[in-house]
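In case you want the letters, here they are:
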Amino acid sequence: MKVALWAEIRRLSEIEKLSARVIARRLHCSRCTVAAALELQQPPSSQAARRARVLDPYVEQIKDLLAKYPDLSAVRIREEIARGPEGYTGSAITLRRYLRKVRPARGRVYQEVHYQPAQAMQVDWGECGRVQVGATTRKVSVFVAVLCYSRLTYIEFTLSQRKAEFYRGLVNALTFFGGSPRNLIFDNLKAAVLNGAGRQACFHPEFLALCGYFCMQPVACAARDPESKGVVEGGVRYVKQNALAGRTNELLRFEDYLALAPTWRDQVANVRLHATTHERPLERFQKERALLRSLPTIPFDTDEVVPAVVSPHARITFDGNRYSAPPPFVRRPITVRANRDELRLLHEGQVVAQHLRSYQRGQLLVLPEHRLAALTLRQRPRQQALTQEFDA
């Protein structure tokens, strides 16, 4: 019962001295409602309190989730408590109101900046803990790119924040968006900034080459000014609190992270009702798509290229592992080109070996043809000695 109805029933009964039947007819309610109102000496409890009772059976479960994951979002908590036939069926709004009472809002206050369609994209890294890769434990990072107008988001999980991973993430994000914005806003990342900050930043020449290829203006944030890239800061936080929080038992291998990225991106992040724009990013993106600059027809090369010299054991070292090389190239210089999945060895521009890339550490990866070639070379001197002895 609403307070306004209770107050009017009391007024009609105490002041105008109307009967319960007349009051019910005038207010278009039942006589039971009138009787219940007249029995109440105090105003009825608020609607919010009544709604909160819907959560009573799940309070302990919510407490346990918050104790384990303090920053778990209302959406993720609702997913967890809604499991099973006895799961929560109330609204997310009721849950959010309850969470605001038991978990006060924390964090930095960001300055709001308004962007025009295709004006800018913000990018940043986030750290996501560790994962077991074979016998090695590796750090997991997430690359996040957000179009500032539509809030359309691209994410990619990686096992490092190396320069090549950053460039690859940028190109993949632009490919996903289907075009490039006018400005690229980022923090003072080592892959982009050699020294300085903000307007005094000295950019990495390879990074400038990438920006020039896609006709984007690089914009480095000033030191200790995260608000200047608050859009992607919120995006990284959203990934951690929504995509990752509460999934400890689901993300056991790096392949699980790779599978999660496109699913969460397309089914959650880009179709949700955004809290700031009050529109779904995918729908808002339709106003921005045509204003993005078309991508070049020739893909930008994001391979990691490093020089190396083949060791006397016919090996090269890359990213903590040793890979075999053809024995004829022992002690000769070669070029290593690595993408996310494979490693190629080149000599004078020609590919002489190709390996699947390993993300473990301390591994020795030998191709069968290299092992066979090495055995042949070792046996040849012995065969020559036996032939000379026989001829003598």
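A quick note: this is a predicted structure, and the numbers were derived from the prediction, not measured. (Residues numbered from 1 in each chain as written. Predicted model: local features only at pLDDT ≥ 70, side-chain atom pairs only at ≥ 80, totals over all residues. Heavy atoms only, no water.)

Draft legend 1. Expanded view of helix 6 (residues 74-81). If you check which residues of helix 6 are buried, you get Ala-74, Arg-76, Ile-77, Glu-80 and Ile-81. When helix 6 is viewed along its axis, its buried side chains cluster within an angular range of 160° and face the same direction. For helix 6, the secondary structure elements touched by its buried residues are helix 5 (59-68), helix 7 (92-102) and helix 10 (230-244). (Buried < 20%, exposed > 50% of the residue type's maximum accessible area, 1.4 Å probe, protein only. Helix = DSSP H or I, 4+ residues; strand = E, 2+ residues; numbered from the N terminus. Arc of directions from axis to C-beta. Contact = heavy atoms within 4.5 Å.)

Draft legend 2. Representation of the sheet that holds strand 1 (residues 120-133). In space, the 5 strands of this open sheet follow the order 3-2-1-4-7, with mixed pairing throughout. Edge positions in the sheet fall to strand 3 (153-158) and strand 7 (217-220), since each of these pairs with one other strand and no more. Between one strand and the next, the sheet's axes are offset by a mean angle of 25°, whatever the strand orientation. The pairing of strand 4 (residues 183-186) with strand 7 spans 4 bridges and is classified as parallel. Opposite Asn-183, over in strand 7, you have Gln-217 as the bridge partner. Against the sheet, helix 8 (residues 163-177) engages strand 1, strand 2 (136-147), strand 3 and strand 4, with an angle of about 150° to strand 3. (Pairing = 2+ DSSP bridges. Axes fitted to C-alpha atoms, helices over the stretch in contact; angles between N-to-C directions.)

Draft legend 3. How the structure looks around the pattern of salt bridges. With the rule as written, the count across this model stands at 23 salt bridges. Salt bridges sharing partners connect three or more residues here, namely Arg-162, Glu-304, Asp-319, Arg-357 and Arg-361. (Salt bridge = Lys/Arg side-chain N within 4 Å of Asp/Glu carboxyl O.)

Draft legend 4. Structural view of the environment of Leu-375. Along the chain, the position of Leu-375 falls in helix 13 (residues 368-391). For the pair formed by Leu-375 and Leu-208, sequence separation is 167 residues and the distance between their alpha carbons is 47 Å.

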